[in-house]
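Close look at the chain arrangement
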Number of protein chains: 2
Amino acid sequence: MNDRMILVVDDEYELLEMVKSIFERAGFTQVLTASSGEAALKMCKEQMPDMMILDVMMPGMDGFAILKELRKTSKIPVLMLTARGEAEDKFMGFENGADDYLLKPFLPKELLFRVQAILKRVYPEKERKVFLDAATVDLEKAIVQRNGEIISLTAKEFQLFEKLYENAGRIVTTGSLCQAICGDFWQGYESTLATHIRHLREKIEENPSKPVALVTIKGIGYRLNIKGAQT
Amino acid sequence: MNDRMILVVDDEYELLEMVKSIFERAGFTQVLTASSGEAALKMCKEQMPDMMILDVMMPGMDGFAILKELRKTSKIPVLMLTARGEAEDKFMGFENGADDYLLKPFLPKELLFRVQAILKRVYPEKERKVFLDAATVDLEKAIVQRNGEIISLTAKEFQLFEKLYENAGRIVTTGSLCQAICGDFWQGYESTLATHIRHLREKIEENPSKPVALVTIKGIGYRLNIKGAQT
DNA sequence: AGCAAACTCAAAGTTGCCTCAAAGTTATCT
DNA sequence: AGATAACTTTGAGGCAACTTTGAGTTTGCT
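Residues numbered from 1 in each chain as written. Chains lettered and ligands numbered in written order. Predicted model: local features only at pLDDT ≥ 70, side-chain atom pairs only at ≥ 80, totals over all residues. Heavy atoms only, no water.

The subject of this paragraph is the pairing of strand β12 (residues 221-224) of chain B. Residues and elements named next belong to chain B. Pairing between strand β10 (residues 171-173) and β12: 3 bridges, direction antiparallel. Counted as the bridge partner of isoleucine 171 is arginine 223 from β12. Where strand β11 (residues 214-217) lies against β12, 4 bridges are found, and the strand directions are antiparallel. By the bridge assignment, threonine 216 is partnered in β12 with tyrosine 222. (Pairing = 2+ DSSP bridges. Helix = DSSP H or I, 4+ residues; strand = E, 2+ residues; numbered from the N terminus.)

Right, dumping it as structure tokens:
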């Protein structure tokens, strides 16, 4: 879904992989990594990523030096990762042109949210709205508009809708949907999924019992019908 | 965004670029540079900048000479940069018509702050007001107007509101808000944040227990809804 | 120093999302 | 048509997150 290119820079292999997987799990398809300042700067020139995640503490060229060098030629947004001891240095990072910073250790959710906030701010997209038969869903704000009324989606409902929207017009299996909501070990979650489907229908359908947009494909799964694209 | 035109005058390329990037990162879109007194004076005539940053120590025409010459024709505000040794000269600068001075080396934040203070003083802006569902917040004065009543915000409440306002319409994570208020080591501050949220709601909401403007996004953070931009 | 306002934090109270099960309904197959 | 499997619908319980209150501490002002 999210096709922005992200460059993660850190000397620790562990952290590099962790951050990379956080983004990949979130649907980012282009995640580059670099383990030194030199490599990072080179990659920046060649690949032109949309955003950089930069660890401050690195041997050789540290995060600040990299940032300073980078700023001579590029304005791409940077989020810095700093450890506890480096507290006051971080101000330097901010003033030198970092867009945000995060203290280690951090929650994956926190990192994702901040990166997405920066991306939205720097590359303002047109509204990501999905038009359905009876309602309109705003993917930015996770809200539904129906009859002028504004209804907000819960976390699970939103995940569910996103998964369906990614495959709009096509059938999505029950297992696939369960996985999108509750992760890998979803066996036995089917009945709960049904409840979420119900709740989502109550928000996006004119008549939840006679669904038009989110239809059941018996024995297989569900399909979301959106307006403007039909098959 | 700040669209005031700023002219930076210095003979050192490094400093020139640094100052320029400080302003550009802060949202200034028109930053000119000049590396000699002659060039600076010429630019002043042609471009009519709104403000000048002037280094005292320069070969040829020094800062004082430039300022003296400038004042024959212009009243634009000037902030002078002086090195430590030139401390007493500062009085000369002041008397010659400088609006402020700053000792090198300085923190970018400090420079920005002073420049913005001067700009506000010299070019008083229209009111920066935020309209909410039940109240109006004045960002200059840090006060809230509701039902004709005037309520002032405390420091933390104001910081909190500013952070939310910067991201108006978007979700701001709890961590981000804590960070904005109490700095870096915010883990464990969440419950205090909740209290500030409560107090802020008591000031800006009609019914703090049924918030309309400052809404909770369960599990993630909060969002500020402002009037005039909504869908 | 003394006071008031602001801040912090913990503890109790509340909300609402998620889950799951049980009963009802619909589609499909023979 | 009847049987069966799949899906729908409802409701109740649990739990984590959020709210609210109050009391203690700090801060800033006179």
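Counting residues at the interface gives 20 residues for chain B, matched by 25 residues for chain A. Applying the counting rule to chain B against chain A returns 0 salt bridges. For the pair chain B and chain A, the number of links is 4 residue pairs in polar contact (both at pLDDT 80 or more). Taken together, the elements giving at least two residues each to the side of chain B that touches chain A come down to α1 (13-25), α5 (108-122), β10 and α7 (174-182) of chain B. Sorting elements by how many residues they give to the side of chain B that touches chain A places α7(B) first, with 3 residues. Along the lines of polarity and charge, the residues of the side of chain B that touches chain A split into 5 nonpolar, 9 polar and 6 charged. (Contact = heavy atoms within 4.5 Å. Salt bridge = Lys/Arg side-chain N within 4 Å of Asp/Glu carboxyl O. Polar contact = N/O pair within 3.5 Å; in protein donor to acceptor, adjacent residues only side chain to side chain. Nonpolar A, V, L, I, M, F, W, Y, C, P; charged D, E, K, R; others polar.)

Residues and elements named next belong to chain A. Of the residues making up helix α7 (residues 174-182), those classed as buried are Gly175, Leu177, Cys178 and Ile181. Here the buried residues of α7 occupy an arc of 160° about the axis, which is enough to place them on one side. Residues of α7 that are buried sit in contact with α6 (155-166), β10 (171-173), α8 (190-204) and β12 (221-224). Positive backbone phi, approximately 95°, marks glycine 183, located one or two places after α7. (Buried < 20%, exposed > 50% of the residue type's maximum accessible area, 1.4 Å probe, protein only. Arc of directions from axis to C-beta.)

It is worth spelling out the packing of helix α1 (residues 13-25) of chain A against helix α5 (residues 108-122) of chain A at this point. All names here are of chain A. Here α1 crosses α5 at 65°, and the two axes come no closer than 10 Å. For α1 against α5, the interelement crossing comes out right-handed. Contacts from Val19, Ile22 and Phe23 in α1 reach Pro108, Leu111, Leu112 and Val115 in α5. Taken together, the residues of the contact of α1 with α5 sort by class into 7 nonpolar, no polar and no charged. (Axes fitted to C-alpha atoms, helices over the stretch in contact; angles between N-to-C directions. Left-handed = near helix turned anticlockwise from the far one by under 90°.)

Taken together, 17 residues lie around DNA strand C, and Thr154(A), Lys156(A), Tyr189(A), Thr154(B) and Tyr189(B) are the ones closest in. Within 4 Å of the protein, the atoms of DNA strand C are drawn from sugar and phosphate moieties in a proportion of 72%. Take Thr154(A): an N or O atom from its side chain is 2.7 Å from a phosphate oxygen of DNA strand C. The backbone of Lys156(B) places a nitrogen or oxygen atom 3.2 Å from a phosphate oxygen of DNA strand C. Broken down by secondary-structure element, the contributors of at least two residues to the surface near DNA strand C are α6 and α8 of chain A together with α6 (155-166) and α8 (190-204) of chain B. (Near = heavy atom within 4 Å.)

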